[in-house]
Structures are given as structure tokens and as C-alpha cells.
Amino acid sequence: MEGNSPRGAEHQPPVGEALDVSKTFGETRALLNVSLDVRAGECHGLVGRNGAGKSTLVTLLTGLARPDRGSIRLAGAPAPSLADRGEWLDRVACVYQRSMVVPPLTVAENVFLNRPTGDARSPFVNWRRMRQQAHEVMLEWGFDIDVDQAAGSLTVEQRQIVEIARALSIGARFLILDEPTAALEKAAVERLFARVRRMREGGIGVLYISHHLEEIYDICDRVSVLRDGELVLTGAVSDISQPNLVAAMVGSAPSRRATEIEAVPNRSGLGEERLAVTELKVTSTGGSVEGVSLSVRAGECVGLVGLDGSGSVTLADAVIGLIKPQSGTVKVLGRPVPPGKVDAVLHRGVGYVPQDRHARGFAPQLGVGENLTLAVLENVSRGVLGVVNFKARDRIAQEQVDKLQIVAWSLQQPVSSLSGGNQQKVVVGRALAPNPSVLIVVNPTVGVDVASKEALLDAMRKARDEGMAVLLVSDDFEDLRICTRLLVMVRGKVAHQFEQPPWDRQQLIAAVEGLELVGAGDPQR
Amino acid sequence: MPRRDARHLALKWFRELPLVPVIVLVMIWGSIVNPVFLTSSNLTDVATGGAPLGLVVVAETLILLTGKFDISLQGTFGLAPLLGAWLIAPAASEGLGTQWNPWFGILLVLAIGLAVGIFNGFLVIKANFNAFIFTLAMSILLTGLQLGWLGGRTVYHLPEVYIYLGSESWFGISVAVWVATIVFVIAELFLRYHRVGRAMYAIGGNLEAARAAGIKVDRIRIGVFVVASVLAAVAGLMVAGRVTVATAGQGSNLIFGVFAAAVIGGVSLDGGRGRMLGALTGVILLSLVTNILTLSSISSTWIDAVDGAIILLALGVARLIGTERA
């Protein structure tokens, strides 16, 4: 690792390069004549809406598929054959969206997955050497993880570190990070950025894929934009304004307010109290709640902001009944709900958008229409026999499809075949379909593209304006635009309240991080 | 520091082998039920009887670790030694009359294991058939072949070479027990220290991650099916040797005990979790329970029910003590 400036590396061949590549899957054109290079010591951002071809480009660059036309070059040499995984791994490493960690194995084993750890080509594992080497890798790059623990017990951030450590210890000079921050809290994102900067200084070329445009401006030197399989823009980040970047991603569609924090209409005319939480205490490994009270009235959207482990998600889970609280009460429409009983809470008129849409959000093999109406089945079935009235069902489903602009070729299309953004719309649509009096939403826009995000937030804003009481748990500041009031949770308690929008980013970040605010907790500017 | 490490290690062992205290309890129970239980001759019998089961458990555990399973091991277990016996025994003792060299017979037993393993492996892994339904069908087919070829007959007067594995002893302990023990030790060491052994855990733990790391995922998974089938065939030979005859129907219902032993021993049905040593404790527990039930005064018609109840109990205890989900 030389200490001098990585910017002097331009005369070196790029660490990774796609030359005029095209790829088609069946009828779908995934990529068309895309050329892109990542230089040593740069962080190259890659953005695009869901389905723009980012993932396909990653599979080509990592040797999981071969381009139909064009070629891939790594470190100035033609790419090895697909069968030769070892050669690929020496040159390019990828931290995929899906975790590539093996949970039952230890951290050390995960770092040295399928690599010799003893002398030369011995087929036997030298456990002592392996642990020691893994420990050295962690030390060298400043990662603080016990290499003897099982990878299954790691947090999302730590798993990512394991994958990065694996890549770095192989010695690959080209690292692809595919939406690395999707599951990370703010502080972890900052730490990741520090690591990326360090790797960049060490001469590693990073291809950084993200939906969060502010991250691109934070960390990247250059940025490329994919739209419908074509490269529409590439250049130095400093030369491209955010509106232009968004315009390139969205294309001809009118560019919407993508980044500014919107002013929310004032809170006059709020209705009755719909959700009341009193002194709630919950013990959970995902972050305990230490006595929180809050109330949400009709027509307001309360934002609950907190880091991973702050208890904000736990609170939502406890309110909906997924976790049984230690003490405290939850009242919906003035009447207490039995603790720990999800169906009872839902029946009381609460809609719920869960954190993990894949695990709890939808039945993947069922159609869009069926998923959207899962919560209203009893309203659309007739008589004692409960025969489903398909016409009524489809009408309700179509209403949600229109409202959320769900892109599907029919109500029968399986949700599993939709893009991530549209899947999330189905989850939100399902929660909205019964027209609940209270809506509880957890991180609704994680991993969805800009346009879907707009549609999702729009739908929730409309619901709020029509008098729904919304509790929005999120650590994405974009989501908070639809909130009328913010509560910041730190270590299980509400640390700050922000009563009047617009919110000041700096103040908010400071509050979320648990810092003392300069000049009172209520920023009136 | 070293003392803390030692305690830590002991605790880890305890958690990884949660059945050890259960086995101790069962042995106390056995000695109360019948004084014969704790005699060395009875315990040797238990070991001899448990050896074939143990070998099949090793086989199934290898497959389970890679995230698949194979029900047809019991079919191989029955068919392979029967076909071998049929071809080497004289017509007078219900053989075919070809009277092959017994060594050929043994080779044939291994070859059948090999063939079934390759067939299962390719169709489950490469052609992506569902392992459950495919190996279930294979199991029915293999068991059916036994019956079809031989009807209800029994092949007897088997040559000594052929029954050596099941009938001879070294130092007072059956050859079958020695072989099973050696296989257990090799499997445990292989899984712990060999790169392919570790790769098997990676495959079962996260298939995509293993593939992305350059592990030859399909080759290893097919190989495991083959090794397992061969082990099952050898286990079948042990039983044929012990009872000195080959019977159609050998091995029916064996597979449930195999799964039970592996799972109560901490091997996960989802793949990637479990140890060979744990599976061994499962085998020991099941064999002891079967023995005690036979020695006890429980009516033979009730033995199966009690057996099932004890497996449930062992699962509960393993869940309470162990870190693994049983």
C-alpha cells in the first residue's frame, strides 16, 4: 500500500472495465452497449432506478454471467473464463445486496471461505493460522470483530465487514458494493464511508451502487447513470448537480422534488386521539424500549426516528403486537388492546407495513390482487360460507393499484415477479386497503427507486390528509417529509421532539446520534 | 485465563453435545429396569446392533449438512446386500445359482451403492428434483425390487467372506463396531479439518455464498450423495452378516430412526449446522433406549409408542440445553 495520492493512478489500467457490453434475458433487454471503467483509487458511483440494469452489470463484472456482446477487462487484462471462479475472485470482489455470509461458520472461516489457510496447497484447514490471519486482516483495516464468533450472531453491518474483509484479504483491487447501506443505520453508514475512503487511498477501485443520491455526493469521485439498460450519463460528481442526476435517472418524466425537505401544512384541525402509548417498556435484543409514551391524532403523521437498536422498530413491533411488552398500555381509539396479539390489534383498525417485506410483507407466489386484499377478505366474502366475491375483491385491489401506481400487467401477476419498488407498493397497499384508522409503517422506502418512493410517500400523505393517524418509523430523512411531528429515540427513550417543520438536518442528525443539541430541543430557527 | 478458557471450552462441549446428560439418565434408568442392562455383554450387543444404524446416520448427516436429504438410503441398505447374496449363494439356499466369487458379491454391493448415489445425486442436484419426493420414490422402488426379485424368500448359507463384517470380532468387539467407529472418527475429522468438509458446511449454510466463493458446489453435493449411498450399502452388508442371511424387507422403516438420531444429535434439517459427534450421541441414545425397552417388561406392541415418546423427550431436552434448533 503506497501512501501517495491515488489520483496519480490515472495512467494505470482501470481495475475493472466493461467495454460495450450488451445482455439480454429472454425478451428483456437488460443492458445495451454499456461502457464503464473503474480506476484504481477511485470510488465510482452507479445509480439507476430498479430494473435499470445495475444488477446485471454487476453479474457481468463479477463473472457470474457472460455478456452477449462486448467484453469485460480486469486490471487491464481480458477477464478469465466463467468456470475459473478463483481467477475472478483474485481480481474482483463484491459485497452483494444479499448476504454472502455463511451463518453457522465462524467469522474467521467466512473470511477464508474456500481458501487455503495452512501451508501451500494442503487440503486441510489450519485453524490456528486461519484465526490469526483473519485477526490480522481485521486489525490492518481497523475492523473490530471477534473472529471466533459465529457469523450468524453478527449485525448486518458486521456481516458486511466480514464480506469486505474477505475481499480485501484475497487482495482484489476492484471492489463492488451493491447497495451496501440499504440495511445500515446512519452511524454505520458513516463508518462504512470512512472504510471506503481508506480503501480508496490504498489504491483500490470501488464501484458503489446506491439509491441514496446524497451518498454518491458524499463518497464518489465519478458517477454513472443507467436507465433502461443504457448508460445515459457519466462524469465527475462535482460536475453534475443533483437535479441533473435525478433527471438522468428518471428520464423524460417530470423531475419531482427528490431531495428538498418539504414543508408540511400546519397542524390545525387535527382530529381525536387515535393511538395512545403509555409508559411502554419492552425488552428486546433488537433494542429495548425504556418507558415511552406517545400519541397520534387523526390527520397527523408522527415520525419516529432512531438508530438501529434505539428501540424505534421495537416500539412499532410492540404496538402491533409482534412483541409482548413488559409493561405499559397501548390504546387504539381510546380502548386498550390486549398485548402481544397481532390479530386483535389489526381488527381494531390498525394497518401495518412491516420492516422486512420479504419475510412478513407478502405471499410471493400469490397475485397482486390477492395480496392487496389479504386484510379485507372478510369484507369481500359473502354469507356464512365466506365465499369470496371476486368482483368486489378486484375492485378494491384495482383502487390500490391506481392509488400507488403499481406497475403490473394484471392483478393476477405474482408479487414475486415485481420489482422491489412495486413489491413494497403492494405491501403498503395491503395495509391501506381496509382504510384503517391508524397506520403503522416501518422503513417503507428501503431499497426502492426514486419514483416508487415518491408514489409510496404520496399515498401515505394522502391517507394522512384524509384523516388517518400515521406512525412512521424510519431513519431515512426523505421519508420524514410527510411527517407533521418528529420524535427522536435514543437508547430506548424519546430524547427529542421536533414540533414544527421544516426540520433542520444538522439538528436532527445530532439528536439521532444522541448528541446534546445546541440551542434547545425545539428548532424554531 | 487458561482456566477460564477451559471452563468456556467445557461449556461449549456441553452445549454442542446436549444429549450426553440424557444418555447418562437413560443408563441409570436402564440399570434400574433390568440388572442385565449394565453388563458388558449387553452393552457390546447394543454396540453391535447400533453399528449399522450409526453408519447410515453418518451417511445421512453428510447429506443433511449440505442442505439435502436422502430417504432412499434405507432402500440401498436393503437391496445391495440382498442382490450380492443372491448372486453368490447356491440355488439350494435360495441364491440364483450363479455362485459368484464372494468378493465379487462385495464389490457388487459397493457398486450398487455407487450407482444409486450417482443417480440420486445427479437428479436431485443437476436436474433439480425435490430431494424429498425423489428419494422417497427411489426408496419405494428399491424396496420393491427386493420383494419383486426374491418374494418372501431368504438367502442363507452365505460365504464367510461375505458375512465377515457382521459376524467376526476383533479383541472381543464386533468388526462392525470397529468399522463404524473408524468411519465416525474419519468423518468428524474430515468435516472439521478438510477443506471439502468445511465447504460442505458453507454449502448448507449459504449456497449462494459458497458458489460465489468458488466452491464447486454441485460436484461436492453429488459426491456426498455417492459416499452416503456406499456407506448405506456397507451398513446393509453388516446386518446381513450379523444375521447371516439376506432378507427382502431389510431396512424398511430404518430411515426414520436415522433422521431421529441425526436431529436429536443436533444436526439441522436446514443444512449447515451440526457435528458428527452430536449425531453419534443420537445413535447411542436411540440404541440404548431400544435395548432398554426390549429388556423391560413393556409389552412389545407398546414399544414403538414409547420409542416415539422418548424421541420427543430427547428433542425437548436437546432444545433446552443446546444452542441449535432441534
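If you're wondering where the values come from, they're calculated on a predicted model, not measured in any experiment.

**Some words on the overall build of chain B**
Link 1 in the chain: The helix and strand tally for chain B stands at 14 helices and four strands.
Link 2 in the chain: For a compact globule of 326 residues, the expected C-alpha radius of gyration is about 20 Å, and chain B comes in at 20 Å, within 12% of that figure.
Link 3 in the chain: Counting only C-alpha atoms, chain B reaches 70 × 55 × 35 Å along its principal axes.
Link 4 in the chain: Per-residue burial over chain B gives 49% buried out of 326 residues.
Link 5 in the chain: In chain B, the proportion of contacts linking residues at least 24 apart, taken out of those at least 6 apart, comes to 78%.

**Quick word on the overall build of chain A**
Link 1 in the chain: Of the regular secondary structure elements, chain A holds 16 helices and 22 strands.
Link 2 in the chain: By the burial criterion, 47% of the 525 residues in chain A qualify as buried.
Link 3 in the chain: Restricting to contacts in chain A with at least 6 residues of sequence separation, those with at least 24 account for 69%.

**Things to note about the nonpolar core**
Link 1 in the chain: By size, the foremost hydrophobic cluster in this structure holds 249 residues, and its most contacted members are V56 and A202 of chain B.
Link 2 in the chain: Considering each element in turn, this core owes the most residues, 14 residues, to helix α11 (residues 217–243) of chain B.
Link 3 in the chain: Taken domain by domain, this core gets at least three of its residues from each of domain 1 (2–98 + 172–181 + 189–250) and domain 2 (272–512) of chain A.
Link 4 in the chain: Those residues within four positions of A202 of chain B in sequence are excluded, and the remaining contacts are V102, L105 and L113 of chain A together with A209, A210, A213 and I215 of chain B.

**Topic: the interface of chain A and chain B**
Link 1 in the chain: Taken residue by residue, the interface counts 16 residues in chain A and 17 residues in chain B.
Link 2 in the chain: Broken down by element, the side of chain A that touches chain B gets its largest block of residues, three residues, from helix α2 (residues 85–91) of chain A.
Link 3 in the chain: The residue makeup of the side of chain A that touches chain B, split by class, is 11 nonpolar, two polar and three charged.

**Describing the environment of D308 of chain A**
Residues and elements named next belong to chain A.
Link 1 in the chain: Within the secondary structure layout, D308 lies in the loop between β13 (301–306) and α9 (312–320).
Link 2 in the chain: The class for D308 is partly exposed, based on 18 C-beta atoms found within 10 Å.
Link 3 in the chain: Residues D308 and G286, spaced 22 residues apart in sequence, show a C-alpha to C-alpha distance of 7.7 Å.

**Looking at the domain arrangement of chain A**
All names here are of chain A.
Link 1 in the chain: Once the domains are mapped, chain A shows domain 1 (2–98 + 172–181 + 189–250) and domain 2 (272–512).
Link 2 in the chain: Each partner contributes residues to the interface: domain 1 has eight residues there, and domain 2 has eight residues.
Link 3 in the chain: In terms of residue class, the side of domain 1 that touches domain 2 is made up of three nonpolar, three polar and two charged.

**Things to note about helix α4 (residues 127–140) of chain A**
Residue and element names in this part refer to chain A.
Link 1 in the chain: Here α4 contains 14 residues, and its C-alpha end-to-end distance of 20 Å stays within 8% of the 20 Å for a straight helix at 1.5 Å per residue.
Link 2 in the chain: Among the residues making up α4, those that are buried are M130, A134 and M138. Buried residues of α4, viewed axially, fall in a sector of 70°; they line one side. Summarising the geometry of α4, the exposed residues directed more than 90 degrees from the buried face are R128, E136 and L139.
Link 3 in the chain: If you follow the buried residues of α4, they end up packed against α3 (107–111) and α5 (156–170).
Link 4 in the chain: Of the residues trailing α4, G142 is marked for its positive phi of about 70°.

**Brief notes about the sheet that holds strand β14 (residues 327–332) of chain A**
All names here are of chain A.
Link 1 in the chain: Across the sheet, which stays open at both edges, the four strands sit in the order β12-β11-β14-β15 with antiparallel pairing between neighbours. The strands lining the two open edges of the sheet, one partner per strand, are β12 (289–297) and β15 (335–336).
Link 2 in the chain: In this structure, strand β11 (residues 273–282) lies alongside β14, joined through five bridges in antiparallel fashion. Bridge pairing in β14 links K281 to S327.
Link 3 in the chain: Across the sheet, α9 lies against β11, β12 and β14, angled at about 115° from β11, the strand it touches most.

**Some details on the sheet that holds strand β16 (residues 350–353) of chain A**
Each strand in a sheet pairs with its neighbour through backbone hydrogen bonds, running either in the same direction (parallel) or in the opposite one (antiparallel).
Residues and elements named next belong to chain A.
Link 1 in the chain: With mixed pairing, six strands are arranged side by side in an open sheet as β16-β19-β20-β13-β21-β22. In the strand order of this sheet, the two ends are held by β16 and β22 (493–498), each with one partner. Neighbouring strand axes in the sheet, compared pairwise and without regard to direction, differ in orientation by 20° on average.
Link 2 in the chain: Both strand β19 (residues 438–442) and strand β20 (residues 469–473) contribute to a ladder of five bridges, which runs parallel. Considered in β20, the bridge of V441 is made with L472.
Link 3 in the chain: The strands touched by α9 within the sheet are β13, β16, β19, β20 and β21 (485–490), with β19 carrying the most contacts at an inclination of about 145°.
Link 4 in the chain: Those strands touched by helix α15 (residues 450–465) are β13, β19 and β20, and its axis lies near 145° from that of β20.

**Description of unusual backbone geometry**
All names here are of chain A.
Link 1 in the chain: Phi angles above zero are rare outside glycine, and N114 is one such case at about 60°.
Link 2 in the chain: Inspection of the secondary structure puts N114 in the loop between α3 and α4.
Link 3 in the chain: We note that N435 has phi near 55°; this positive angle belongs to a residue other than glycine.
Link 4 in the chain: You can call N435 partly exposed: it has 15 C-beta atoms within 10 Å.

**Examining the confidence of the model for chain B**
Link 1 in the chain: Residues at a pLDDT of 70 or more form 96% of chain B, whose mean pLDDT is 86.
Link 2 in the chain: At the level of chain-chain contacts, confidence expressed as ipTM amounts to 0.78, with global pTM at 0.72.

Rules used in this analysis
- Residues numbered from 1 in each chain as written.
- Chains lettered and ligands numbered in written order.
- Predicted model: local features only at pLDDT ≥ 70, side-chain atom pairs only at ≥ 80, totals over all residues.
- Helix = DSSP H or I, 4+ residues; strand = E, 2+ residues; numbered from the N terminus.
- Rg over C-alpha atoms; globule rule 2.2 N^0.38 Å.
- Buried ≥ 20, exposed ≤ 12 C-beta atoms within 10 Å, placed from the backbone.
- Contact = placed C-beta atoms within 7 Å.
- Core = buried A, V, L, I, M, F, W, Y, C linked by C-beta atoms within 7 Å.
- Domains from an automatic or database assignment.
- Nonpolar A, V, L, I, M, F, W, Y, C, P; charged D, E, K, R; others polar.
- Expected span 1.5 Å × (residues − 1).
- Arc of directions from axis to C-beta.
- Pairing = 2+ DSSP bridges.
- Axes fitted to C-alpha atoms, helices over the stretch in contact; angles between N-to-C directions.
- pLDDT = per-residue confidence, 0-100.

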